[in-house]
Amino acid sequence: MGYAELLGRLLTVVNGREATTYRSPTRTGACLYFADEAPSCLHGHVFAGLGHDEESLAMDNGETAATAYAALGYELTPRAETLATVTQESQDDGVAWGRCVQSGMASALLHEDSEADRRVGDLTVIATIEHLGRRYGPQTRTGPEAPLSAPPSLSVDCEPASLLGQAFRLWGITPEQVRRTDDARAVDALTALGWQLSARAWSLIVSAQEAEHAGHPWDEIAHLVATLNVEIEPVTEVDR
């Protein structure tokens, strides 16, 4: 499992629960992924979203995140493993889940990425855009309320300049990398940078950028991509 996929799965759990802190159900304070047949900690909720339960982990229920992912058959890239490790350690220190993910991203992006880190499915697109809609608040827009005369730039002066430009930054794509592609369409820029998009992710990114172009607020775009009826069956594990 690569960085972008794991980030999407973590954000899916954290969105709307940014202030949640973990309380261990054990007397020793040990982290458990599942307790009383329900997901317990941050990564326990990720595992549940992947279709696993307490029985799946068996004796690995209290092991480190990297060990637990491996036990379930997920080989993490170095960047993804750092994201998993830092979010878990921050959570165990009583840090709110939203800040855990922020710390995990900052540490993970210090590592060089690999091909697996550059795989994006619909879940990552949906969760990232919802995260940004929540982070920047209602009615945040890329441009004026009227439709823009051209698709919004992904970056300007080496800074993200749009909703998808901000999403690129979270995925580990710098504005300088985007500028070198000279592509206004987000999907074209991603392709030029060697990213692999599922068909569903491609459709959602195109729709999100079109909504930006039309002047819609980011929180409305988040709702759009979360509820859009994409008539393409999920064919890769990176889709929800």
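We now turn to the structure provided with this report. (Residues numbered from 1 in each chain as written. Predicted model: local features only at pLDDT ≥ 70, side-chain atom pairs only at ≥ 80, totals over all residues. Heavy atoms only, no water.)

Some thoughts on the side chain of Ser90
Consideration 1: Here Ser90 is to be found in helix 5 (residues 78–92).
Consideration 2: If sequence neighbours within four positions are ignored, Ser90 has contacts with Val95, Cys100 and Ser103. (Helix = DSSP H or I, 4+ residues; strand = E, 2+ residues; numbered from the N terminus. Contact = heavy atoms within 4.5 Å.)

Describing the side chain of Asn61
Consideration 1: Its place among the elements puts Asn61 in the loop between helix 3 (54–57) and helix 4 (65–71).
Consideration 2: At a separation of 3.1 Å, a polar atom in the side chain of Asn61 contacts the main-chain amide nitrogen of Tyr33.
Consideration 3: A distance of 2.9 Å separates the side chain of Asn61 from the backbone oxygen of Phe34, its partner in a polar contact. (Polar contact = N/O pair within 3.5 Å; in protein donor to acceptor, adjacent residues only side chain to side chain.)

Considering the pattern of salt bridges
Consideration 1: The full count for this structure, using the stated rule, is eight salt bridges.
Consideration 2: Of the charged contacts, one joins Arg134 and Glu130 as a salt bridge, the two residues approaching to 3.0 Å between their closest N and O atoms. Here Glu130 and Arg134 lie together in helix 7 (residues 122–136), a separation of four residues that amounts to about one turn.
Consideration 3: For Arg134, a relative accessible area of 46% puts it in the partly exposed group.
Consideration 4: Linked through salt bridges whose partners overlap, the residues forming this network are Glu176, Arg179 and Arg180. (Salt bridge = Lys/Arg side-chain N within 4 Å of Asp/Glu carboxyl O. Buried < 20%, exposed > 50% of the residue type's maximum accessible area, 1.4 Å probe, protein only.)

Considerations on the environment of Leu123
Consideration 1: Take Leu123: it is sitting in helix 7.
Consideration 2: Judged by its relative accessible area of 12%, Leu123 falls in the buried class.
Consideration 3: Sequence separation between Leu123 and Leu7 is 116 residues; the distance between their C-alpha atoms is 9.8 Å.

A look at the environment of Glu89
Consideration 1: Positionally, Glu89 belongs in helix 5.
Consideration 2: Take Glu89: its relative accessible area is 47%, and that puts it in the partly exposed class.
Consideration 3: With twelve residues separating them in the primary sequence, Glu89 and Thr77 have C-alpha atoms 18 Å apart.

Overview of the packing of helix 11 (residues 199–213) against helix 12 (residues 218–227)
Consideration 1: Taken N-terminus to C-terminus, the directions of helix 11 and helix 12 make an angle of 150°; their axes are 10 Å apart at the nearest point. Relative to helix 12, helix 11 is oriented roughly antiparallel. Remark: the crossing between helix 11 and helix 12 carries right-handed chirality. Along the contact surface, helix 11 presents Leu204, Ser207, Ala208, Ala211 and Glu212, while helix 12 presents Trp218, Ile221, Leu224 and Val225.
Consideration 2: Per-class residue counts for the contact of helix 11 with helix 12 are seven nonpolar, one polar and one charged. (Axes fitted to C-alpha atoms, helices over the stretch in contact; angles between N-to-C directions. Parallel < 35°, antiparallel > 145°, perpendicular 65-115°, else oblique. Left-handed = near helix turned anticlockwise from the far one by under 90°. Nonpolar A, V, L, I, M, F, W, Y, C, P; charged D, E, K, R; others polar.)

Details of helix 11
Consideration 1: Relative to the 21 Å expected for 15 residues at 1.5 Å per residue, helix 11 spans 21 Å between its end C-alpha atoms, a close match to the ideal helical length.
Consideration 2: Burial in helix 11 covers these residues: Arg200, Ala201, Leu204, Ile205, Val206, Ser207, Ala208, Gln209, Ala211 and Glu212.
Consideration 3: Of the surrounding secondary structure, the elements contacted by the buried residues of helix 11 are strand 3 (119–120), helix 7, helix 8 (163–170), helix 10 (186–192), strand 6 (196–197) and helix 12.
Consideration 4: Gly215 occupies a position one or two residues after helix 11 and carries a positive phi of about 90°. (Expected span 1.5 Å × (residues − 1).)

With respect to the nonpolar core
Consideration 1: One finds Leu7, Tyr69, Ile129, Phe168, Trp171 and Ile205 to be the most contacted residues of the largest nonpolar core, which totals 65 residues.
Consideration 2: Once residues within four sequence positions are removed from consideration, Trp171 is found in contact with Tyr3, Leu7, Arg79, Val120, Thr124, Val125, Thr128, Leu190, Trp195 and Ile205. (Core = buried A, V, L, I, M, F, W, Y, C linked by side-chain atoms within 4.5 Å.)

Topic: unusual backbone geometry
Consideration 1: With a phi close to 50°, Ala58 is a non-glycine residue in the positive phi region.
Consideration 2: In this fold, Ala58 is placed in the loop between helix 3 and helix 4.
Consideration 3: Residue classification places Ala58 among the exposed positions, given a relative accessible area of 52%.

So, the packing of aromatic side chains
Consideration 1: This structure, assessed with the given rule, holds six aromatic pairs.
Consideration 2: Summarising the aromatic geometry, the rings of Tyr69 and Tyr74 are spaced 6.4 Å apart at their centres and angled 75° between planes, so their arrangement reads as edge-to-face.
Consideration 3: Tyr69 sits in the buried class, given a relative accessible area of 0%.
Consideration 4: Geometrically, the ring pair formed by Tyr136 and Trp218 is edge-to-face, given 5.3 Å between the ring centres and 80° between the ring planes. Taken together, the residues Tyr136 in helix 7 and Trp218 in helix 12 connect sequence positions 82 residues apart.
Consideration 5: For Trp218, a relative accessible area of 6% gives the class buried.
Consideration 6: Seen from the ring of Tyr3, Arg79 lies directly overhead, with NZ or CZ sitting 5.7 Å from the centre. (Phe/Tyr/Trp six-rings, centres within 6.5 Å; stacked < 30°, edge-to-face > 60°. Lys NZ or Arg CZ within 6 Å of the ring centre and 35° of its normal.)

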